[in-house]
Amino acid sequence: MNGNIEWFGFLYFLGALLYIVIIYGIKHVERRTTQKTLLSDEDYLTLIARQRECSEYDIFGLASKDWTISKARVENDFNGYLKHGNMPFYVKDYVRKNRDDP
């Protein structure tokens, strides 16, 4: 009878240890997965526009000023962005420079 109690205690200890390892492993995987989730330039464009309470088109206009891009080209590029998702270089540059702005 005494041997059964020792085995029960040992198995109980192993079960608790296994439980802790599994929970830690799950938390570790969740943390690593969350840290690797990065937003795309398109996501940041939308985020910046929402934070500034303006449209993505307005952001295109702001971005064009740093590169002296004409209004006609901005409109053409914006239509290309809407149709095909092609973000022009000057907007990518603007988004990358303003990612951390609140």
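Keep in mind it's a predicted model, so treat the numbers as computed, not measured.

Turning to the nonpolar core, a few remarks are in order. By size, the foremost hydrophobic cluster in this structure holds 16 residues, and its most contacted members are Leu45, Ile59, Phe60, Tyr81, Tyr90, Val91 and Val95. Counting residues per element, the ones that place at least two in this core are helix H2 (41–51), helix H3 (56–67), helix H4 (71–84) and helix H5 (89–97).

Right, let's talk about the pattern of salt bridges for a bit. By the definition in use, this model includes five salt bridges. For the salt bridge of Arg99 with Asp41, the shortest nitrogen-to-oxygen distance reads 2.3 Å. With Arg99 in the segment after H5 and Asp41 in helix H2, this residue pair connects regions lying 58 residues apart in the sequence. Take Asp41: its relative accessible area is 10%, and that puts it in the buried class. Residues participating in the shared-partner salt-bridge network are Asp41, Arg96 and Arg99.

Inspection of H5 places Tyr90, Val91, Tyr94 and Val95 among the buried residues, and these make up the whole buried set. With its buried residues spanning 135° around the axis, H5 presents them on a single face. In H5, those exposed residues whose orientation departs by more than 90 degrees from the buried face are Arg96 and Lys97. Residues of H5 that are buried in the fold lie against H2, H3 and H4.

Phi at Glu53 takes a positive value of approximately 55°, unusual for a residue other than glycine. Structurally, the position occupied by Glu53 is in the loop between H2 and H3. Glu53 gets classed as exposed once you look at its relative accessible area, which sits at 75%.

With that settled, consider the packing of H2 against H3. Interhelical geometry of H2 versus H3 gives an angle of 100° and a closest axis separation of 9 Å. One element, H2, and the other, H3, form an angle in the roughly perpendicular class. Between H2, through Leu45, Thr46, Ile48, Ala49 and Arg50, and H3, the contact on the second element is made entirely by Glu56, Ile59 and Phe60.

Procedures and definitions
Residues numbered from 1 in each chain as written. Predicted model: local features only at pLDDT ≥ 70, side-chain atom pairs only at ≥ 80, totals over all residues. Heavy atoms only, no water. Core = buried A, V, L, I, M, F, W, Y, C linked by side-chain atoms within 4.5 Å. Buried < 20%, exposed > 50% of the residue type's maximum accessible area, 1.4 Å probe, protein only. Helix = DSSP H or I, 4+ residues; strand = E, 2+ residues; numbered from the N terminus. Salt bridge = Lys/Arg side-chain N within 4 Å of Asp/Glu carboxyl O. Arc of directions from axis to C-beta. Contact = heavy atoms within 4.5 Å. Axes fitted to C-alpha atoms, helices over the stretch in contact; angles between N-to-C directions. Parallel < 35°, antiparallel > 145°, perpendicular 65-115°, else oblique.

In short, shape yes, function no, at least from these values alone.
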